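# Fold and contact review
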Amino acid sequence: MKRERIERLATDVAAGELNEDAEALFNAYLAEHPQAKKWADQMLSIYKKTQTAISEKTSRANKTAETASICSKAIGWVKWPSVGRSAAILAFGILIGFTAAHWGTTGKTTEIAQMEPTPGPGPVKTVSDLKEKYAGTFWGDKMLVLLERRPAQQYKADFHDVSLWDKYRQYIKEKRYE
Amino acid sequence: MTRRFRAEFEKLWGQTSSRISAYMFCACGNRTDTDDLVQECYLRALRGWEQFNCRGSRQAWLFAIARRTRVDWHRKNRKRKAVVGLDNVDEPSDGLKKPNTDQIETIWEAVKNLDEEQSEVIHLRFAAGLSYVEIAQALGIAVGTVRSRLHRALKTIRRQIEEQNNEA
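Structural notes, computed from the coordinates. All values reported here derive from a predicted model rather than from experimental measurement. (Residues numbered from 1 in each chain as written. Chains lettered and ligands numbered in written order. Predicted model: local features only at pLDDT ≥ 70, side-chain atom pairs only at ≥ 80, totals over all residues. Heavy atoms only, no water.)

Turning our eyes to something else, we now look at the packing of aromatic side chains. Taken as a whole and assessed by the stated rule, the structure comprises seven aromatic pairs over all chains. Note on Tyr-47 of chain A and Phe-126 of chain B: the rings are 4.8 Å apart at their centroids and 65 degrees apart in plane angle, and the pair reads as edge-to-face. Of the two residues, Tyr-47 of chain A is situated in helix H3 (residues 34-77) and Phe-126 of chain B in helix H5 (residues 116-127); the pairing between them involves two chains. With respect to class, Tyr-47 of chain A is no different from Phe-126 of chain B; both count as buried. Relative to Phe-63 of chain B, the ring of Tyr-23 of chain B has its centre 5.9 Å away and its plane inclined at 70 degrees; by these criteria the two rings are edge-to-face. Placement of Tyr-23 of chain B in helix H1 (residues 3-28) and of Phe-63 of chain B in helix H3 (residues 58-76) is noted, with a sequence separation of 40 residues between them. Tyr-23 of chain B sits in the buried class, given a relative accessible area of 0%. Aromatic ring contacts, followed pair by pair, group Phe-9, Trp-13, Tyr-42, Trp-49 and Trp-61 of chain B into a single cluster. For the cation-ring pair, Arg-58 of chain B lies above Trp-61 of chain B, with the distance from its terminal atom to the ring centre recorded as 4.9 Å. (Phe/Tyr/Trp six-rings, centres within 6.5 Å; stacked < 30°, edge-to-face > 60°. Helix = DSSP H or I, 4+ residues; strand = E, 2+ residues; numbered from the N terminus. Buried < 20%, exposed > 50% of the residue type's maximum accessible area, 1.4 Å probe, protein only. Lys NZ or Arg CZ within 6 Å of the ring centre and 35° of its normal.)

All names here are of chain A. Along the polypeptide, Leu-30 turns up in helix H2 (residues 20-32). Exposure remark for Leu-30: the relative accessible area of 7% places this residue in the buried category. Expressed as a C-alpha distance, the spacing of Leu-30 and Asp-41, which sit eleven residues apart in the sequence, is 9.9 Å. With sequence-adjacent residues up to four places away left out, Leu-30 is seen in contact with Ile-6, Ala-36, Lys-37 and Ala-40. (Contact = heavy atoms within 4.5 Å.)

Scope: geometric values only; no functional claims are made or implied.
Rendered as structure tokens:
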């Protein structure tokens, strides 16, 4: 066989594209012809070198693809909407906490200042008593309407020698806490 | 998107993504463009999924799309030259005798200097790992043509290695 033919067959053998019978015949021929075997080995060698060189070069691309795939999977596993929602809830909670703490501190001071002068239990006044005193003014009427809506136990001890305005503020504050 | 279609596409992706990446890397030689080309290739495959006529294998069809994607990329980037460093080349993991770094560079340069037809065959064979028949289907040529192009390409590469050895 000519060198060209042997090299073509050697390429096919290296690529695994020659069927078993043809490969056996080819190997038998090479065993009998050392020069042909040398040509075939050269071709086989260049085939493997090319294969290795390209594999080496492209391994980087594959590794990158694998890494990207792993990263994208990892990122995919995280449920970003729920993470965002949780973060927003947490931030909102912290904000509310700080605000409440700040407001609670200042409110407490005010409350103490307001509550301290409150004297002990005096004569119990009813709404009808208060009506006589405060009816007729805007804030008086408003307070009386609100007081009438309250359970009787609550206002019994509350209003005792305190200005009407303070009583009304106190009531509004309590209402807000409720 | 039906469940069956998704399953088929994901299966094809699993079977071919690394080889498509390698094939694209041979064309552009850098990671970023490789990712872009792979993405473009699979997008085209997704769009043309119904156009597959079942005459060849799905993989061959996909590599035909990959080839067209590469050709389009080359048209757009004629002036760009693929530059590939060796910083990330790994040590040999199997028992085969590996070519040294210079030889790898020489072979890589030789492959780049091949004409378009031969380098296509080399890339499809060595980077994508396609058989002669699949290469023929992807390129739309006869199997005999694939065989002869591969052989001529290898001879050219051998000549370049010999020349370099003589110079050294």
